[in-house]
Amino acid sequence: MDKNILEMKGITIQFPGVKALDGVDFSLRAGEIHSLLGENGAGKSTLIKCLTGVNKMDAGKILLDGKEIAPTDPGNAIELGISAVFQEINLCPNLSVAENIFVGRQPMKHGQINWNEINKRASELMSRFHLDIDVTRPLSYYSTAIQQMTSIARAVDIQAKILILDEPTSSLDENEVQLLFSVMHELKAAGMGIIFITHFLDQIYAVSDRMTILRNGHLVGTYNIDELTKFELVTKMVGKDMDVIFSLKRAEVAPDADYMLKAEHIGDASKINDISINVKKGELVGFAGLLGSGRTETAEMLFGATRTVKGDIYIDGEKIILRQPFDAIKADIAFCPEDRKRDGIIGDLSIRENIMLAVQSRKGFMKPMTRQEQTELANKYIKMLGIATPDCEKKAGELSGGNQQKVILARWMAASPKVLILDEPTRGIDIGAKAEIQRLMLEMCGEGVSVIFISSEFDEIIRCSNRIVIMRDRAKVTEVKGEICTQQDILKIIAEGAA
Amino acid sequence: MSNKQNLFTRLTNPKYIMVYATIGIFFIIYALGGILYGDKGFLTVRTFVNLFIDNAYFGISAVGMTMVLITGGIDLSVGAVASLTGMFIAYGTSVLNLHPLTCIAAALVMGVGLGLLMGWVIHYLNVPAFITTLTGMFLARGVCSLISRESIDIHHPMIDALAGWKIYLMKYADGRWIKIKPIAFINFNVILFLVMIIIGAFILQRTRFGRNIYAIGGNEQSAALMGLPVGRTKILVYGFNGLCSVLAGISYALYVKSGWNLSLQGGELEVITCAVIGGTLLTGGVGYMAGTLFGVLLKSVIPALITFNGNLLSWWGKIATGLLLLLFICIQRFVVTTSDRKQK
Amino acid sequence: MSERRYDFSSLMQSKVTWAVIAELLILLVCFVIRPDFFSISYQPSTGMLYGSLIDIVNRSAEITIISMGMTLVIALGGTDLSVGALVAVAGAIALKFLRWDVLTYTTPGDYTVYPYILVLGVPLVVCALMGLFNGFLVAKGGIQPIIATLILMVCGRGVAQILTDGKQFTTGYSPFRIIGQGSFLYLPMPIIITIVVVLAVAIFTRKTAFGAFVESVGVNPSASKLSGIKAANVILIVFMITGLLSGIAGLIYSSRIMSNDSNNAGLNFEMDAILAVVIGGTNMSGGKFSLAGTVVGSLIIRTIVTFVYYFGIVAEATMAFKALIIAVVIVLQSEPVRKYFAKRAALRQGGARA
């Protein structure tokens, strides 16, 4: 099993201004699951895109089964036997589940597409993933998890020599992840080489044989899975000590501090049930719960992004009515949404414009800030948050994920809010930037801002929060103190539904 | 669930809702016409068949337009290309004394070539389809005017024969076949229209090329990442639409037996309107030939109603079409939002 | 602000640069063929300046005015197809108020049946409301702009026809003539109106934060809403402005012909306006917009037409000629070509430095 089916040597890819990859070597054996690791911007996705013909390489060569190849486009890569599931779901929402699996290689009969065959085989494939669904319905009809499974099914069915899974588990629940792992093991046993990319360290240890670590476009090294501990792994990924994360201190809240935000019995039958939440001045409250537990819906309601049907919200003791986000901003509430790309960053506008937006929208367009004021504001936060950019006129969309998150954070810090709601601010960004954002969050608490922090990573919530609100099934289960809580406690409460 | 789906579940798939809406509203309006003007002969076979005869050229063009719209593109050049085809035939036969088939061959090269070229510019130079095809429209119209600014009549035995060719609808009575009264017939244009609809439906539903069209309209980037030939498909779709425009131009030439540089002005928007009220989404990814067929009928039944009324200015037809468009857009909107909700 | 570097490479990447180059090239060709193309003379009897350049600007007035609104619509990521129909509607209403009932007022003359303020005011208000209707469908109904405005495009001319009973009125009312044929400060009135409109839109968008809001909503509506921008209001205002500007263009158009022409008034104006905006460098997918670029775009379109007339090229060729030049401009502006030139420029610069 030691034969390399894939060898990539000295891969170099140049983007305007940066070397995305610089002489990276990578190899994959038949019947192996090989994890590819690195922070955001380390070059993992670029390496994958090079292998699938999306990006052209400037130097280096790729050997597949000993023969040199140069994939020109994804179609060509598939023909060569390289099949990929990309990070974002790359399927067509208007086509049926079955068709998404087979489009481009539909079975034909008498010169026509054989629809019966397609639907039959698709059903079989999906049932392999224990999904008993109507495969003739449009893909958009189904949840993200099923869509993700569909794209995995497509990649698996192509019968490739190499399967690439780029963050396939981000929208899957624990059971689905286990299912995926068992399929991966089957494929591995059949001799396929699998490249697996994920941010979840546990999953790497659960499933892979070897791992390759990249940092800033350079190769750090390739290791067997038992060669490195998690701590060593993280250190290698980040390239510096992780002490900074472990040195964070919880916000100190005066025992007699006033309640800054009070939400009483808010809800909307179709979204969340009767939730009451209060946050003191300078306090950090974490929302823990699984995807779909109602944490995002609660946050959106507190920001007026969705209408509150019943219940009252008070800021600093004053009752407010939230019809739209604008009302919340007027009431000094700020909100960093979960989906940074869709709801947060305005990619084609400059960093300056992105940062000044909330301040300006609060003033209304008739009272504009001068260009000078905007630039000063932007530069102040670029410096304060350490946003990596040559100047404030760079397009925000061209920044890395972590820097984009900092820009959004700057947008809200500039609006000097009393309450800051952060929905998954650290998702999909690298560990260094994660620590930075946690530190900023806590600093703001120190300045008297009340923060609501939502995250799927419970260790992060426990580390930062004064109090933790645990949610399940669109309702609040209980509240616990941050200091005396462990991940096991939270999981137990979520599983059992009571304190 | 069973793999072999029964007809009922297949037909109740929510993706067909818009097509059903088109068909339903067509029959409602048709029935309304029957109630109002039934005594004047609105319900006769002749009136119904005339809907086809008077709008076949729009229908033929709508076949190609539907495909272009499904890819998420648009083609504004169809009216001008059809008009140019008419000019080719008229000028070629009447002034240059060429055989009509030569003219048609030249028109086909022109139409398909322009379509392919526009597709290439749209895909490889990344110029918006709206702008590219608008330029194509200006070009075709300009060439029309260069050929002649006067309307040219077409006189050629072959064209006359083709235009005059008709199949009378018969009924069996008293032991023999007789023509139905009032006399109704279908002509070459109607057959061409129906054949194009069938070809279009076959391409869309039964070939990989057709399914690639839907995939590109659903999400072009995904289609590329799934390894589908995005560029080739897009270019061919515009080429096919060029073919449809030429056929529509031939059909229009047969209908009016002349060529005029300003004929079919604004025709592209009529064709797009047909497709939209037939349930095709301008955002791409959704559309069916059956819907387009009824979209053409629905759009043409309104002028028919106004003619039967006799007192209304023909301009009410435009307003009615606008309102119909509004109605369909609202239905589409409703369907989309409800299916979005189902997902959650 | 001064930190912003305008190096050669980024200048070559800018679409506006290419638009300006194209316009200058066309003018240069004009100058080479006929050096008197640039001559401007003063006619004391009318108090106006005359010349091809004046004529280009004068005749481009309607498109320039409409395309100011269209720029904002396109920056929002939409298109407004209804502007041409609104031009017809504005003309129909104005003439309706000037003549009202042709049976009573049988001969056109220097009179108006209704007060002049209504002749000008009602068309503008109606057009603004029609724009608002478009905006409402887009902002509140969530309908794609191209479809939403297709409705009024299809039935707008029908409305214009029905308002005037399908008839064409003419008028001789001299205050109405001033709009399209009068002069002010030696310049034809349409030019003055255009300058006022361009300045007004520029000030409204760039001296307030409205332009930034439009760009923000155009790039990412969802994120803009969550940043507190009332996106629906932005959309409503933009479509209303476009409707209003179409009304102004409609008044100029009908004042030029002193008549209403529901069939041909504003025909293909939507196409020309969209072209002007795109040639001017604003991306059809929304985002950053350039009003100056749009003005250049509009001038390019008109220069081509004037060129054709002026040099006695058969008038029939106008359309084809226009298409060819536009095709060249658009291909030059296309992403791959601009990237190619920018790369070459960068290489040359790099070479010079080394």
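Residue positions are given per chain, counting from 1 as you read along its sequence in written order. Chain letters and ligand numbers both follow the written order, the letters beginning at A and the numbers at 1. Where local features are concerned, this predicted model is filtered to residues with pLDDT of at least 70; where side-chain atom pairs are given and counted, the filter is 80 or more; whole-chain, interface and lining totals use all residues.

Chemist: Explanation requested: the overall build of chain C in the structure shown.
Modeler: Along its length, chain C carries 16 helices and 4 strands. The quantity called the radius of gyration is restricted to C-alpha atoms. Its globule counterpart is 2.2 Å times the number of residues to the power 0.38. In terms of C-alpha radius of gyration, chain C reaches 22 Å, essentially the compact-globule figure of 20 Å for 354 residues. Taking all 354 residues of chain C together, 53% fall into the buried category. Intrachain contacts of chain C at a sequence separation of at least 6 include 78% that bridge at least 24 residues. A run of H or I in DSSP counts as a helix once it spans at least four residues, and a run of E counts as a strand once it spans at least two, with each numbered from the N terminus. The burial criterion counts other C-beta atoms lying within 10 Å of a residue's C-beta, which is placed from the backbone; the residue is buried at 20 or more, exposed at 12 or fewer, and partly exposed between these limits. Here contacts are defined at the residue level, using C-beta atoms placed from the backbone and a cut-off of 7 Å between them.

Chemist: Honestly, the overall build of chain B in this entry has me stumped. Any pointers?
Modeler: Secondary structure summary: chain B contains 14 helices and 6 strands in total. Against the globule reference of 20 Å for 344 residues, chain B gives a C-alpha radius of gyration of 21 Å, in line with a compact fold. Here the C-alpha coordinates of chain B stretch approximately 60 × 50 × 40 Å along the principal axes. Buried positions account for 51% of the 344 residues belonging to chain B. The contacts in chain B between residues at least 6 apart in sequence include a share of 76% that link residues at least 24 apart.

Chemist: Before we go on, may I ask you to explain the sheet that holds strand 11 (residues 210-215) of chain A in this structure?
Modeler: Strand pairing in a sheet takes place through backbone hydrogen bonds and is either antiparallel or parallel in direction. Residues and elements named next belong to chain A. Between any two strands, at least two bridges found by DSSP are needed for them to pair. On the basis of which strands lie adjacent, the open sheet formed by 6 strands has the order 6-9-10-3-11-12 and mixed pairing. Of all the strands in the sheet, the pair left with one neighbour each is strand 6 (82-85) and strand 12 (218-224). Within this sheet the neighbouring strands show an average axis-to-axis angle of 20°, counted without direction. In this sheet, strand 12 lies alongside strand 11 in antiparallel orientation, the contact comprising 6 bridges. Bridged to R215 within strand 12 is H218. Axes, fitted as lines to C-alpha atoms, cover a helix only where it is in contact. Angles between the N-to-C directions of the axes lie from 0 to 180 degrees.

Chemist: Quick question: what am I supposed to make of the interface of chain B and chain C here?
Modeler: As a measure of interface size, the accessible area lost when the parts come together is often cited. Taken together, the contacts link 32 residues of chain B with 38 residues of chain C. For the side of chain B that touches chain C, the secondary structure elements donating two or more residues are helix 6 (129-147), helix 12 (267-277) and helix 14 (315-343) of chain B. Here the side of chain B that touches chain C gets 11 residues from one element, more than from any other, and that element is helix 6 of chain B. As a working rule, the residues Ala, Val, Leu, Ile, Met, Phe, Trp, Tyr, Cys and Pro are called nonpolar, Asp, Glu, Lys and Arg charged, and the rest polar, with Gly in that last group. Split into classes, the residues belonging to the side of chain B that touches chain C amount to 20 nonpolar, 8 polar and 4 charged.

Chemist: Looking at this structure, I do not really get the nonpolar core. What am I missing?
Modeler: For soluble globular proteins, the rule of thumb is that nonpolar side chains tend to be buried together. Counting residues in hydrophobic clusters, the biggest one holds 284 residues, and the most contacted among them are L325 of chain B together with V89, V238, I248 and L275 of chain C. Sorting elements by how many residues they give to this core places helix 12 (residues 231-257) of chain C first, with 15 residues. Counting only domains with at least three residues in this core, you end up with domain 1 (4-241) and domain 2 (245-496) of chain A. Those residues in contact with V89 of chain C that lie beyond four places of it in its chain are V126, C127, M130, G156, V159, A160 and G250 of chain C. A288, I351 and M413 of chain A together with A223 of chain C belong to the second largest nonpolar core, which has 81 residues in total. Among buried residues, those of type Ala, Val, Leu, Ile, Met, Phe, Trp, Tyr and Cys that are joined through C-beta atoms within 7 Å form a set called a nonpolar core. Segmentation into domains, and thus their bounds, comes from an automatic or database assignment.

Chemist: Explain the pairing of strand 22 (residues 475-481) of chain A here, please?
Modeler: Here is the key point about a regular strand: its side chains alternate between the two faces of the sheet. In terms of strand pairing, strand 21 (residues 467-472) of chain A meets strand 22 of chain A through 6 bridges, oriented antiparallel. Looking at strand 22 of chain A, one finds that V469 of chain A is bridged to E479 of chain A.

Chemist: Could you clarify how one ought to interpret the sheet that holds strand 15 (residues 284-288) of chain A in this entry?
Modeler: Residues and elements named next belong to chain A. Strand order in this open sheet of 6 strands is 18-19-20-15-21-22, and the pairing throughout is mixed. Each edge of the open sheet carries a strand with a single partner, namely strand 18 (333-336) and strand 22. Across the sheet, the axes of successive neighbouring strands diverge by a mean angle of 20°, strand direction being ignored. Judged from the 4 bridges that link them, strand 18 and strand 19 (residues 419-423) form a sheet pairing that is parallel. Bridge pairing in strand 19 places F335 opposite I421.

Chemist: Looking at this structure, how should I read the interface of chain A and chain C?
Modeler: With 30 residues of chain A in contact, the opposing surface of chain C contributes 24 residues. Going through the elements one at a time, helix 11 (325-330), helix 12 (340-344), helix 13 (351-363) and helix 14 (371-385) of chain A are the ones with two or more residues in the side of chain A that touches chain C. Broken down by class, the residue content of the side of chain A that touches chain C amounts to 14 nonpolar, 7 polar and 9 charged.

Chemist: Sorry, what's going on with the packing of helix 5 (residues 100-124) of chain B against helix 6 of chain B here?
Modeler: Two numbers describe a pair of packed helices, the interaxial angle and the distance between the axes. All names here are of chain B. Two numbers describe how helix 5 lies on helix 6: the axes approach to 9 Å, and their chain directions differ by 150°. When the axis of helix 5 is compared with that of helix 6, the two are roughly antiparallel. Crossing hand, helix 5 versus helix 6: right-handed. Facing helix 5, whose interface residues are L114, M118, V121 and I122, helix 6 presents A129, T132, T133, G136 and A140. Partitioned by chemical class, the residues of the contact of helix 5 with helix 6 number 6 nonpolar, 3 polar and no charged. Here the word oblique covers every angle except those under 35 degrees (roughly parallel), over 145 (roughly antiparallel) and from 65 to 115 (roughly perpendicular). Each crossing gets its handedness from the near helix: less than a right angle anticlockwise from the far helix is left-handed, clockwise is right-handed.

Chemist: What is the right way to look at helix 4 (residues 61-75) of chain C in this model?
Modeler: Two residues of an α-helix separated by three or four positions point the same way, owing to the 3.6 residues in each turn. Residue and element names in this part refer to chain C. A helix is expected to span 1.5 Å for every residue after the first. If you check helix 4, its first and last C-alpha atoms are 21 Å apart, about what 15 residues at 1.5 Å a residue would give, namely 21 Å. Where helix 4 bends most, at M68, the angle is about 30°. The buried count for helix 4 comes to 15 of 15 residues, which makes it a mostly enclosed element. We define the bend at each residue as the angle formed by axes fitted to the 7 residues ending at it and the 7 residues starting at it.

Chemist: Quick question: what am I supposed to make of helix 9 (residues 189-206) of chain C here?
Modeler: The terminal C-alpha atoms of helix 9 of chain C, which comprises 18 residues, lie 25 Å apart, in line with the 26 Å expected from a rise of 1.5 Å per residue. Those residues of helix 9 of chain C lying buried are M189, P190, I191, I193, T194, V197, V201 and T205 of chain C.

Chemist: Can you help me understand the packing of helix 3 (residues 45-70) of chain B against helix 11 (residues 230-256) of chain B in this one?
Modeler: Residues and elements named next belong to chain B. Interaxial distance between helix 3 and helix 11 falls to 8 Å at its minimum, and their mutual angle equals 175°. One element, helix 3, and the other, helix 11, form an angle in the roughly antiparallel class. Listed contacts from helix 11 to A56, Y57, I60, S61, V63, G64, M65, M67 and V68 of helix 3 are V237, Y238, F240, N241, L243, C244, S245, L247, A248, S251, Y252 and Y255. Split by residue class, the contact of helix 3 with helix 11 holds 16 nonpolar, 5 polar and no charged.

Chemist: Explain unusual backbone geometry to me, please; I cannot follow it from the model alone.
Modeler: Most peptide bonds take the trans configuration, and most residues that are not glycine carry a negative phi. Phi is positive for S416 of chain A, which is not a glycine, with a value near 35°. Along the chain, S416 of chain A turns up in the loop between helix 15 (401-414) and strand 19.

Chemist: Can you help me understand the confidence of the model for chain C in this one?
Modeler: Note that predicted coordinates carrying low pLDDT should not be read in detail. All names here are of chain C. The pLDDT value expresses, per residue, how confident the predictor is, ranging between 0 and 100. Taken as a whole, chain C shows an average pLDDT of 86; of its residues, 93% reach a score of 70 or greater. Per-element mean pLDDT across chain C ranges from 62 in helix 1 (residues 8-13) up to 96 in helix 4. Note on residues 1-6: pLDDT under 50 across the span, and 6 contacts to partners over four residues away in sequence or across chains.

Chemist: Before we go on, may I ask you to explain the pairing of strand 19 of chain A in this structure?
Modeler: Residues and elements named next belong to chain A. In terms of residue burial, strand 19 counts as a mostly covered element, since 5 of its 5 residues are buried. Neither face of strand 19 is exposed, since V419, I421 and D423 on one face and L420 and L422 on the opposite face are all buried. Pairing of strand 19 with strand 20 (residues 450-454) involves 5 bridges; the strand directions are parallel. Its bridge partner being in strand 20, L422 is matched across the sheet by F453.

Chemist: Even after reading the chapter, I still don't get the environment of F209 of chain B, so can you show me in this structure?
Modeler: Residues and elements named next belong to chain B. Locating F209 in the fold gives a position in helix 9 (residues 208-218). Sequence separation between F209 and L236 is 27 residues, and the spatial gap between their C-alpha atoms is 9.2 Å. Apart from the residues lying within four places of it in its own chain, the contact partners of F209 are I203, T233 and L236.

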